[in-house]
Amino acid sequence: MSAKTSADVLIGGKIYTLSGYESEAYLQKVATYINNKMSEFDEMEQFRRFPMDMKSTLLELNIADDYFKAKDQAEKLEQDIEVKDKEIYDLKHELISAQIKMESNDKTIAELEKENKELLLHKAKLEASLEDALLGKVKGQASSEETKNDISKKKTKEV
């Protein structure tokens, strides 16, 4: 707790000594607020005609009204902060979920790319094997046709 302070302040043309645990600057700020409220009312023609006790009561009511409006606004702002904090929490949760999903997708992509490379390599081997087999058949057929032609030519010569 801070130390108790005292400050001489001017309110409504009179000097008062205020003391409290707030700073002297804060106590002066409070006095300035009261003086501004009094000046605000003094500018109204009707207010000047009222008896002093009624003026004090109206001033007190006006200050109480300011207090409750400020308190309501502070409560609304606190509620807004709570809502925003929840939204931030939810967004962080969504972000983490999205990051986990993205990491999982990246892993899946890497696995699929590896599998694709393996399949492409296997495909190339199968195509090469197929090509060799087809070329072997074509060469084999050509050889057997040449052999048949050679046999036919020999038979023709013999005859």
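What counts and how
- Residues numbered from 1 in each chain as written.
- Predicted model: local features only at pLDDT ≥ 70, side-chain atom pairs only at ≥ 80, totals over all residues.
- Heavy atoms only, no water.
- Helix = DSSP H or I, 4+ residues; strand = E, 2+ residues; numbered from the N terminus.
- Buried < 20%, exposed > 50% of the residue type's maximum accessible area, 1.4 Å probe, protein only.
- Lys, Arg positive; Asp, Glu negative; His and termini not counted.
- Salt bridge = Lys/Arg side-chain N within 4 Å of Asp/Glu carboxyl O.
- Contact = heavy atoms within 4.5 Å.
- Patch = residues over 30% accessible without salt bridge, like charges linked within 9 Å, V, L, I, M, F, W, Y side chains within 5 Å.
- Areas by Shrake-Rupley, 256 points an atom, 1.4 Å probe, with all protein chains shown as cover.
- Charge placed at Lys NZ, Arg CZ, Asp CG, Glu CD.
- Polar contact = N/O pair within 3.5 Å; in protein donor to acceptor, adjacent residues only side chain to side chain.
- Pairing = 2+ DSSP bridges.

Engineer: How should I be thinking about the side chain of Lys55 in this particular structure?
Structural biologist: Within the secondary structure layout, Lys55 lies in helix H3 (residues 52-158). Put simply, Lys55 is tucked away with no salt bridge, and the nearest opposite charge, on Asp42, sits 5.1 Å away. For Lys55, the contacting residues outside a window of four places in its chain are Phe47, Arg48 and Phe50.

Engineer: Explain a negative patch on the surface here, please?
Structural biologist: The grouping of Asp72, Glu75, Glu78, Glu82 and Asp85 at the surface amounts to a negative patch. The residue Asp72 is located in helix H3 in this model. Among the residues examined, Asp72 registers a relative accessible area of 41% and is labelled partly exposed.

Engineer: I would appreciate a short explanation of the side chain of Lys37 in the present structure.
Structural biologist: Its place among the elements puts Lys37 in helix H1 (residues 24-42). Judged by its relative accessible area of 8%, Lys37 falls in the buried class. Side chain to side chain, Lys37 and Asn62 meet in a polar contact 2.7 Å long. Apart from residues no more than four positions distant in its own chain, Lys37 is found in contact with Leu59, Asn62, Ile63 and Asp66.

Engineer: So what exactly am I meant to see when it comes to the pairing of strand E2 (residues 14-20) here?
Structural biologist: Every other side chain in a regular strand lies on the same face of the sheet, so the side chains alternate between the two faces. As defined by bridge partners, strand E1 (residues 5-11) adjoins E2 across 7 bridges and the pair is classed as antiparallel. Within E2, the residue paired with Thr5 across the bridge is Gly20. Hairpin connection from E1 to E2: 2 residues lie between these consecutive antiparallel strands, with Gly12 at a positive phi of about 60°.

Engineer: How should I be thinking about the pattern of salt bridges in this particular structure?
Structural biologist: Two side chains carrying opposite charge are able to pair once their charged atoms lie near each other. Enumeration over the complete set of coordinates arrives at 6 salt bridges. Across the pair Lys37 and Asp66 runs a salt bridge, and its minimum N-O distance is 2.6 Å. One end of the pair, Lys37, is in helix H1; the other, Asp66, is in helix H3, with 29 residues separating them in the sequence. Under the relative-accessibility criterion, Asp66 is labelled partly exposed at 25%. In this structure, Asp90 and Lys86 form a salt bridge, with 3.1 Å as the shortest nitrogen-oxygen distance. Of the two residues, Asp90 and Lys86 both sit in helix H3, 4 residues apart, roughly one turn of that helix. Judged by its relative accessible area of 31%, Asp90 falls in the partly exposed class. The class of Lys86 is exposed, set by a relative accessible area of 51%. Several salt bridges share partner residues, and in doing so they unite Lys37, Glu40 and Asp66 into one network.

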